[in-house]
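Okay, here's what each chain looks like letter by letter:
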Amino acid sequence: MEKSIKTLVFLFSLLFSYTIVLAEVKVPSEIKFNKEVYKQAYQTGNGKTSDKVTEYLKSGETLEKFEKMFSIWEYPNAKDVKIFTGNLIRNSNTSYKITPREILENDDNTETMASLIITAGNVSEYNIYRVLIKDGHVVTYQFSYRIYDNPGTPAYKKWLESLDKNETEWFKAMANMKDIK
């Protein structure tokens, strides 16, 4: 009898652990953004007691070297969209060069979108952030578009032209993202 109770307790513990793991992984395995499919490539944190990030890449790309990425970030300690967006743009905690491009806010300050370019050495990354409140804390949807070349080169200038050509379309795609959490 004692052995069967121990077995039941053990099985219940396994089931409980499995349920907790399933409950934490609430993000989709793939996301469609601007008619392109991105598959989950990385996830860390839990969004409750620590920041959580889930990163998605197009097929054939890696976290070490990619052209485009879509990410979902949860910040359980951030509660104000406007303050968070301001900090995101100013980000004084980094040695990277940050060049803001556009900032959009809705009328009731519950959502913003911002685009910026972050440059570190020969890597430049264009980002659009959609910052909103979900479950009482800040969540961001982030689209990244990278180039591995130095600013000023012909390839970099072509990349900037691509930003100018596609930015409005990317903003619309970001605004149309449904609740994916």
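Residues numbered from 1 in each chain as written. Predicted model: local features only at pLDDT ≥ 70, side-chain atom pairs only at ≥ 80, totals over all residues. Heavy atoms only, no water.

What exactly am I supposed to notice about the packing of aromatic side chains here?
Geometrically, a pair of aromatic rings is defined through the distance of the ring centres and the angle of the planes. According to the stated counting rule, one finds 10 aromatic pairs in the structure shown. Note on F70 and Y141: the rings are 6.4 Å apart at their centroids and 40 degrees apart in plane angle, and the pair reads as tilted. A residue pair is termed long-range when its members are at least 10 positions apart, and F70 in strand β4 (residues 68-75) and Y141 in strand β8 (residues 137-148) qualify at 71 residues. Neither F70 nor Y141 differs from the other in exposure class; each is buried. By way of ring pairs, the aromatic residues F33, F70, Y126, Y141, F143, Y145, Y156, W159 and W170 are connected into one cluster. In this arrangement the basic side chain of K65 is found over the ring face of Y148, its NZ or CZ atom lying 4.9 Å from the centre. (Phe/Tyr/Trp six-rings, centres within 6.5 Å; stacked < 30°, edge-to-face > 60°. Helix = DSSP H or I, 4+ residues; strand = E, 2+ residues; numbered from the N terminus. Buried < 20%, exposed > 50% of the residue type's maximum accessible area, 1.4 Å probe, protein only. Lys NZ or Arg CZ within 6 Å of the ring centre and 35° of its normal.)

Please explain the pattern of salt bridges as it appears in this structure.
Two side chains with opposite charge may pair up if their charged atoms get near one another. Enumeration according to the criterion identifies 9 salt bridges in this entry. One salt bridge in this structure joins K58 and E36, with 3.3 Å as the shortest N-O distance. With K58 in the loop between β3 (52-57) and β4 and E36 in strand β2 (residues 36-44), this residue pair connects regions lying 22 residues apart in the sequence. The buried category is assigned to K58, whose relative accessible area is 19%. A residue is classified by how much of its surface remains accessible, and E36, at 22% relative accessible area, is partly exposed. Here K82 makes a salt bridge to E105, at a shortest N to O gap of 4.0 Å. Highlighted residues: K82 in helix α2 (residues 81-90) and E105 in strand β5 (residues 97-105), separated in sequence by 23 residues. The exposure class of E105 is partly exposed, given its relative accessible area of 42%. (Salt bridge = Lys/Arg side-chain N within 4 Å of Asp/Glu carboxyl O.)

What's the story with helix α3 (residues 154-175) in this structure? I'm lost.
Counting along an α-helix, one turn takes 3.6 residues, and residues three or four places apart therefore face a common direction. Over its 22 residues, α3 runs 31 Å from end to end, which matches the ideal 32 Å to within 8%, given 1.5 Å per residue. Along α3, the sharpest kink reaches roughly 50 degrees, centred on N166. Here α3 has its buried residues at Y156, W159, S162, L163, N166, E167, W170, F171, A173 and M174. Those residues of α3 that are buried are in contact with β1 (30-33), β4, β5, β6 (111-120), β7 (123-134) and β8. (Expected span 1.5 Å × (residues − 1). Bend = angle between axes of the 7 residues up to and from the residue. Contact = heavy atoms within 4.5 Å.)

What's the story with the side chain of N127 in this structure? I'm lost.
Examined against the element boundaries, N127 turns out to sit in strand β7. Ignoring any residue separated from it by four or fewer positions in sequence, one finds N127 in contact with A114, S115, L116, I118, Q142, F143 and S144.

Explain the environment of A173 to me, please; I cannot follow it from the model alone.
By the element assignment, A173 lies in helix α3. Taking relative accessible area as the criterion, A173 reaches 14% and is therefore assigned buried. Leave out the neighbours within four places in its chain, and A173 touches F33 and N34.

What is the right way to read the pairing of β6 from this model?
Successive side chains on a regular strand alternate, one facing one side of the sheet and the next facing the other. Summarising burial for β6: 8 of the 10 residues are buried, a large majority. When β5 meets β6, the two strands line up antiparallel, connected through 8 bridges. Counterpart to E105 in the pairing with β6 is T112. Summarising the sheet, β6 and β7 pair through 10 bridges and their orientation is antiparallel. Across the sheet, the residue bridging to T119 is S124, located in β7. Between β6 and β7, which pair antiparallel and follow one another directly, the connecting turn spans 2 residues, one of which, G121, has a positive phi of 65 degrees. (Pairing = 2+ DSSP bridges.)

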